[in-house]
Amino acid sequence: MSTIGLDPRVVGTQRYSAHVQRPGMWHAAFVRSPHAHARVDRVDASGVPDGCVALLPEDVADVARYGCQARDQHVLAGVARYAGDIVAAVAAPTRAAARAAAAAVAVDYSELPAVFDAVEAVAPGAPLLHATTAESAGEAVSIGVRPLPGTNVCHRFGIRHGDVAAGFAEADVAIQREFRTPGAAHAPMEPHATLAEWEDGRLTLVTGTQTPFNLRADVALAFGMPDEDVRVVAPPMGGSFGAKTFVRLEAVVAALARKAGRPVKAVLDRTEEFLTLNRHPATIRVRVGARRDGTLVAKELDCWVDTGAYADCGPGVATKLGYAGVGPYRIPHVRVDSLAVYTNLPPNGAYRGYGAMQSVWASERTMDALAGELGISPLELRRRNLLRDGDTFATGEVMHDVHFDECLGAAAAAVGYEDDPRGAGLCVLLKGMQTPSRAAISVERTPVGYVVRSASCEMGQDVRGSIRLMAAEQLGCEPGQIEIPDPDTDTTPFDTRTTSSRSTHMMGRALVEAVRDLRANGGERGFGEVRNEGGLDPDTGQGIASTHWHQGAAAARVRVDEETGRMTVEHVHGVAYAGRVVDRTGAELQNEGAMTMGLGTALFEALEFADGQVANANLSDYNVPAAGDLPARFTHELIEREGAEAHGLGETVLPPVPAAIGNALHSLGIDVFELPLTPERVLEAIDRR
Amino acid sequence: MAGRPQAFPDVCADAGGAPLDRALATEIGRRYAERIAPISDARGSAEYRRRVVAVEVRRALEAIA
């Protein structure tokens, strides 16, 4: 049967990082600390059979600390800071031999006191995870990182807008609530896989990654090499959702390959996936004040964002979580303090939504509580305060291209909210797009069409399909005539990274420039680069958080078996403002996927820990949504505008789903403050009602 | 609730010919809940499991009444 024209993912011909083969390649296995916090006193590889290579602390003494926002990670941990931290590694001719050899490495540890909660980790006397860290210089750091020395706070983001004391003094009603969200696993179908190969002093990494250029810079810095001596090739990924970002396995696999003198490949097993990068748990306290007529006057957010053993992009997440938690509202007086805090849990990093789910849960649940206090409908309370074009947000930036009211209205209408608010809940949100950032793209004519080189990485979202459509339209050819090779830092122009739902928008703009350049210069080749400028002062939160905003809403309708707490979600509807839709099917699938992940977060996803060890590190105990978990009515829509810019939406309708469901419960008098909304939590809330 | 289905025929025997009304169904459910020894784990606490057993046993009896 011919497979030409059929999606390679469907017919099984798709090649992922795990499939890479190189002559003489060996396989890696890792020795991981069973302790959440322990000094590594001795690593004894004498039990490792001949014919294997062990990577020991002395082999990597010359490799510098690294990290995309704080340089706090080591190739091999001399102090294990989480249960699963890699303290040694082995390469062998087969994967099985490598794993057996890793099990033969004996490690002596001295256990240290550990802390597993972000609020506890900032209390006086909490064990300190990192003595000092250097701020990372590089493209990943778009904000100044603000650690609090002598504490476990690796970054504090603040918003100071107006005067909250004066604001609360003006308020007729003020309420305060506290919320919690657990950690979660990305659970991509394809595990992390990385191959490293050295040749004549150059390092090539073939690895599933969303961030090829960040990765190149951080690995080069760690090994004391110029960027140009590191090559990152990024094959398509079988899902990522943020898990495959920045340096994950690449430094340790590169070190192994260096010692072994041959290419080495690592492919994680499912258990290890839970020990690599997860989603930030958070504790968020919200205080909001309003006038009797529902006008918001003041808001305070205190956020403890658990970044685990290493910062990774926790500072960025704490920042985005901080301003997303203000909500799409006109509030003259705002204070936010959002702390990224070290704990002895596996590191947390980019996860679809990038902190927005956590703070939207807290902020939007509080809006419904406030509506209750005021005796105003939750829909009406939001409408009175939603940002409009020309309004100023808490960061001081003026909002444009604003569609919050429309998103909220569409969500409410879809579940018949106004006719029947009992059992229904709403959520409206704003989420930022990585600002500042830079995207470049090149176009070259070929005998049959064009080659377009873009560093946007495939992780199942079909970004290359969107680029192909945009390029075909601009170049006046068929999409099938456009070839887009895998990102390769040797030949592909720079892009900040494939995160933040930015790629269609930024690459679309870069493409316009590239095609203009091509036409102006003989039609053979063109290059285009665009930037979006801005950024926030980390202490005041003033500046430009996002050059354009991701805007969306969700509504849910639920019924509850009040004797068991079992909730049935009857309908979830997600709305995303798309502006200009490039790939309609792709956009709809993004909405569906984001909502499905939001549903998992709302109903059952939570990492469980016992003394810092992940207790449910498998897909039987950690459940992700399956087809049977979807509500009977699971709908979504895109809001479009003629002539508008393409707005990213890969993440937009994930964050509002838990809050919409939580607010639907609230409409029944069932008040839950912690996710997930398990039957037991719902029943406990019913008892409290 | 356990590795194997749990049945307590003595609980039902005590009902001895009485009509299966809601009160009896509730009582049997309550006594089943007392007799089981559930664990607490990430999926639910022992107390929650006991509480749900009482409800589900009552409902099962009401369904056949």
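Thresholds applied
Residues numbered from 1 in each chain as written. Chains lettered and ligands numbered in written order. Predicted model: local features only at pLDDT ≥ 70, side-chain atom pairs only at ≥ 80, totals over all residues. Heavy atoms only, no water. Helix = DSSP H or I, 4+ residues; strand = E, 2+ residues; numbered from the N terminus. Rg over C-alpha atoms; globule rule 2.2 N^0.38 Å. Buried < 20%, exposed > 50% of the residue type's maximum accessible area, 1.4 Å probe, protein only. Contact = heavy atoms within 4.5 Å. Lys, Arg positive; Asp, Glu negative; His and termini not counted. Charge placed at Lys NZ, Arg CZ, Asp CG, Glu CD. Buried area = accessible area lost by both parts, 1.4 Å probe. Salt bridge = Lys/Arg side-chain N within 4 Å of Asp/Glu carboxyl O. Polar contact = N/O pair within 3.5 Å; in protein donor to acceptor, adjacent residues only side chain to side chain. Nonpolar A, V, L, I, M, F, W, Y, C, P; charged D, E, K, R; others polar. Pairing = 2+ DSSP bridges. Axes fitted to C-alpha atoms, helices over the stretch in contact; angles between N-to-C directions. Expected span 1.5 Å × (residues − 1). Phe/Tyr/Trp six-rings, centres within 6.5 Å; stacked < 30°, edge-to-face > 60°. Lys NZ or Arg CZ within 6 Å of the ring centre and 35° of its normal.

### A look at the overall build of chain A
Scanning chain A for helices and strands turns up 16 helices and 29 strands. Relative to the compact-globule value of 26 Å for 689 residues, chain A shows a C-alpha radius of gyration of 25 Å, a close match. For chain A, the spread of C-alpha atoms along the three principal axes comes to 75 × 65 × 50 Å. The buried share of chain A, reckoned over its 689 residues, is 63%. For chain A, the proportion of contacts with a sequence separation of at least 24, taken over those separated by at least 6, is 81%. The distance from the centre of the 65 positive side-chain charges to the centre of the 89 negative ones in chain A is 1 Å.

### Re the interface of chain B and chain A
Every contact between the two is made by twelve residues of chain B and, on the other side, twelve residues of chain A. In this assembly, chain B packs against chain A so that about 950 Å² is buried in total across both faces, 36% of it on carbon and sulfur atoms. For chain B, the biggest contributors to the area lost against chain A are R43, Y48 and R51 of chain B; these three give 52% of the whole. Joining chain B to chain A, the criterion identifies five salt bridges. Remark: the boundary between chain B and chain A carries nine residue pairs in polar contact (both at pLDDT 80 or more). Ranked by residue count, the leading element in the side of chain B that touches chain A is helix α3 (residues 46-64) of chain B, at seven residues. For the side of chain B that touches chain A, the residue count by class is four nonpolar, two polar and six charged.

### As for the sheet that holds strand β3 (residues 53-55) of chain A
Across a sheet, strands are paired by hydrogen bonds formed along the backbone, either parallel or antiparallel in direction. Residues and elements named next belong to chain A. As summarised here, the arrangement of the seven strands in space is β3-β6-β1-β14-β11-β12-β13, forming an open sheet in which the pairing is mixed. A strand with exactly one partner marks an edge of an open sheet, and here the two such strands are β3 and β13 (230-233). For this sheet the average axis-to-axis angle between neighbouring strands, irrespective of direction, equals 25°. Relative to strand β6 (residues 86-92), strand β1 (residues 26-32) runs antiparallel, the two sharing six bridges. Each residue of the ladder has a partner; that of H27, found in β6, is A92. Packing of helix α2 (residues 95-103) onto the sheet brings it into contact with β1, β6 and β14 (264-267), and relative to β1 it is tilted by some 25°. Contacts between helix α6 (residues 250-260) and the sheet are confined to β1, β3, β6, β11 (193-199), β12 (202-207) and β14, with β11 contributing the most and set at about 40° to the helix.

### A word on the pattern of salt bridges
Close approach of charged atoms lets side chains of opposite charge pair. This structure, assessed with the given rule, holds 63 salt bridges over all chains. In this structure, D687 of chain A engages R51 of chain B in a salt bridge whose closest nitrogen and oxygen atoms are separated by 2.7 Å. Of this pair, D687 of chain A sits in helix α16 (residues 679-688) while R51 of chain B is found in helix α3, placing the two residues in two different chains. On the basis of relative accessible area, R51 of chain B is assigned to the partly exposed category, the value being 36%. Each of R156, R160, R287, E300, D302, R335 and D337 of chain A takes part in a single network of salt bridges with overlapping partners.

### Digging into the sheet that holds strand β22 (residues 525-532) of chain A
Residue and element names in this part refer to chain A. The strand order across the open sheet formed by four strands is β21-β20-β19-β22, and the pairing between neighbours is mixed. One side of each edge strand has no neighbouring strand; the edge strands of this open sheet are β21 (482-483) and β22. Bridging between strand β19 (residues 437-446) and β22 involves eight bridges; their strand directions are antiparallel. If you follow A440 over to β22, its bridge partner there is E529.

### A few points about helix α14 (residues 584-603) of chain A
The end-to-end C-alpha distance of α14 of chain A, which contains 20 residues, comes to 29 Å, matching closely the 28 Å that a straight helix rising 1.5 Å per residue would cover. Residue D583 of chain A occupies the N-cap position of α14 of chain A, its side-chain oxygen lying 3.4 Å from the main-chain nitrogen of T585 of chain A.

### Some remarks on the packing of aromatic side chains
Within this structure, the stated rule accounts for nine aromatic pairs over all chains. Seen in terms of ring centroids, F179 of chain A and W361 of chain A are 6.2 Å apart; in terms of plane orientation they differ by 80°. Their pairing is edge-to-face. Residue F179 of chain A is located in strand β10 (residues 173-181), and its partner W361 of chain A is located in helix α9 (residues 356-374); the two are separated by 182 residues in the primary sequence. On the basis of relative accessible area, F179 of chain A is assigned to the buried category, the value being 2%. Seen from their ring centres, F8 of chain B and Y32 of chain B are 4.8 Å apart, and the 70° between their planes marks the pair as edge-to-face. Here F8 of chain B, found in the segment before α1 (9-13), pairs with Y32 of chain B, found in helix α2 (residues 22-35); they are 24 residues apart in sequence, far enough to count as distant. Comparing F8 of chain B with Y32 of chain B, the two get one shared label, buried. Through successive ring pairs, a cluster of aromatic residues spans F179, W361 and F673 of chain A. Lying across the ring of Y351 of chain A, R279 of chain A places its NZ or CZ 5.1 Å from the centre. The ring of F673 of chain A carries R365 of chain A above its face, with NZ or CZ at 5.8 Å from the centroid.

### Description of the side chain of D306 of chain A
Residue and element names in this part refer to chain A. By the element assignment, D306 lies in strand β16 (residues 296-308). At 7.9 Å, R180 is the nearest oppositely charged side chain to D306, a buried residue that forms no salt bridge. From its side chain, D306 meets the backbone nitrogen of G308 in a polar contact 2.8 Å long. Of note is the side chain of D306, whose polar atom sits 2.7 Å from the side chain of T343. In contact with D306, other than residues within four places in its own chain, are F116, A118, H280, P281, V341, T343, L345 and N348.

### Quick notes on the pairing of strand β26 (residues 566-579) of chain A
All names here are of chain A. Within β26, eleven of the 14 residues are buried, which leaves it mostly tucked inside the rest of the structure. In this sheet, β26 lies alongside strand β25 (residues 549-561) in antiparallel orientation, the contact comprising ten bridges. Bridge pairing in β26 links G552 to A576. As consecutive antiparallel partners, β25 and β26 are separated by four residues, and within that stretch G565 has a phi angle of approximately 80°, a positive value. Summarising the sheet, β26 and strand β29 (residues 633-640) pair through eight bridges and their orientation is parallel. Across the sheet, residue G579 finds its bridge partner in β29, namely E640.

### Side note on the pairing of β14 of chain A
Residue and element names in this part refer to chain A. A two-sided burial pattern is seen for β14, the buried positions comprising V264 and A266 on one face and K265 and V267 on the other. Where β1 meets β14, two bridges bridge the pair, whose relative direction is parallel. Looking across to β14, one finds that H27 is bridged to K265. Bridging between β11 and β14 involves four bridges; their strand directions are antiparallel. Along β14, the bridge assignment pairs L195 with K265.

### Looking at unusual backbone geometry
Residue and element names in this part refer to chain A. P436 follows T435 through a cis peptide bond whose omega is 5°. Across the junction of L675 and P676, the peptide omega takes the value -5°, indicating a cis bond. Positionally, P676 belongs in the loop between α15 (656-666) and α16. With phi around 65°, F241 is a residue other than glycine that occupies positive phi space. Residue classification places F241 among the partly exposed residues on the basis of a relative accessible area of 27%.

Interpretation in functional terms is not warranted from these geometric data alone.
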